[in-house]
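# Summary of the model geometry
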Amino acid sequence: PAQDIALLKVDVEGTELRVLEGARQTLTRTACVNCEMSDEHCRRYGYRAADLIAFLQSGGFRTYVIAGPRMLFAIDEHFSEPGIHEIVALRDPVEFVRRTGWRLP
C-alpha cells in the first residue's frame, strides 16, 4: 500500500497548479502542501493565484500564508496581497500545530 506523505514541497516557478492537478491521487495521502505563489508567476501559465488556493481547498486543505516566524495566517481565494507568498495547505491544522509548534492566530 502507498504510504502517507507528511509534506509535499512544490517549487516550479508558476506551474504549481498544473503540477498539483496532475498529483490529485497523491494529494489524497498528503497532510501538508507547501509552495510559492504569486499572481505574476501564475498569470504566465494562464491561471490566477486564487485558482491555486481554490484547488487546494476543493481537495480538503485549509490554506495559509506564512505571516511571520512560525506563524500562519488563514487565506481563501480572495487573498490578493502583491508579491510572492509561501502557501501552506493543511488537512489538519490542529495536528500540524501540535507536531510543529507553529501558531495560527
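These notes cover the structure that comes with them. As the structure is a prediction and not an experimental result, all values here were calculated from the model.

The number of helices and strands found in the chain is five helices and five strands. Element order for the chain, N to C, with α for helix and β for strand: β-α-α-β-α-α-β-β-β-α. Here the chain has a C-alpha radius of gyration of 13 Å; the compact-globule value for 105 residues is 13 Å, and the two agree. Within the chain, the proportion of its 105 residues that are buried is 39%.

This part covers the pattern of salt bridges. Under the defined criterion, the tally for this structure stands at four salt bridges. For Arg-18, the salt bridge identified is with Glu-21, shortest N-O distance 3.3 Å. You can see Arg-18 and its partner Glu-21 sitting in helix H1 (residues 16–22), three residues apart, about one turn around the helix.

Of all hydrophobic cores here, the largest spans 20 residues; its most connected members are Leu-20, Val-33, Met-37, Leu-52, Leu-56 and Ile-87. Elements with a contribution of two residues or more to this core: H1, strand S2 (32–37), helix H4 (49–58) and strand S5 (85–90). No other element matches the five residues that H4 contributes to this core. By size, the runner-up hydrophobic cluster in this structure holds seven residues, among which are Leu-72, Val-88, Leu-90 and Phe-96.

Moving on: the sheet that holds S5. With respect to topology, five strands assemble into an open sheet ordered S1-S2-S5-S3-S4, the strand pairing being mixed. Two strands lie at the open edges of the sheet, namely strand S1 (8–10) and strand S4 (71–74), each paired on one side alone. Strand-to-strand twist across the sheet, computed as the mean angle between neighbouring axes with direction ignored, equals 30°. As defined by bridge partners, strand S3 (residues 62–68) adjoins S4 across four bridges and the pair is classed as antiparallel. By the bridge assignment for S4, Gly-68 is matched with Met-71. Relative to the sheet, H4 contacts S2, S3 and S5, its axis offset from that of S2 by approximately 175°.

A negative phi holds for most residues other than glycine; trans holds for most peptide bonds. One non-glycine residue, Glu-13, adopts positive backbone phi at about 50°. Mapped onto the fold, Glu-13 is located in the loop between S1 and H1. Take Glu-13: its relative accessible area is 42%, and that puts it in the partly exposed class.

Next up on the list: H4. Looking only at H4, the buried set comprises Ala-49, Ala-50, Leu-52, Ile-53, Phe-55 and Leu-56. As for H4, its buried residues are in contact with H1, helix H2 (24–27), S2, helix H3 (39–44), S3 and S5. Note on H4: the residue one or two positions beyond its end, Gly-60, has a positive phi of about 95°.

What counts, and at which threshold
- Residues numbered from 1 in each chain as written.
- Predicted model: local features only at pLDDT ≥ 70, side-chain atom pairs only at ≥ 80, totals over all residues.
- Heavy atoms only, no water.
- Helix = DSSP H or I, 4+ residues; strand = E, 2+ residues; numbered from the N terminus.
- Rg over C-alpha atoms; globule rule 2.2 N^0.38 Å.
- Buried < 20%, exposed > 50% of the residue type's maximum accessible area, 1.4 Å probe, protein only.
- Salt bridge = Lys/Arg side-chain N within 4 Å of Asp/Glu carboxyl O.
- Core = buried A, V, L, I, M, F, W, Y, C linked by side-chain atoms within 4.5 Å.
- Pairing = 2+ DSSP bridges.
- Axes fitted to C-alpha atoms, helices over the stretch in contact; angles between N-to-C directions.
- Contact = heavy atoms within 4.5 Å.

Interpretation in functional terms is not warranted from these geometric data alone.
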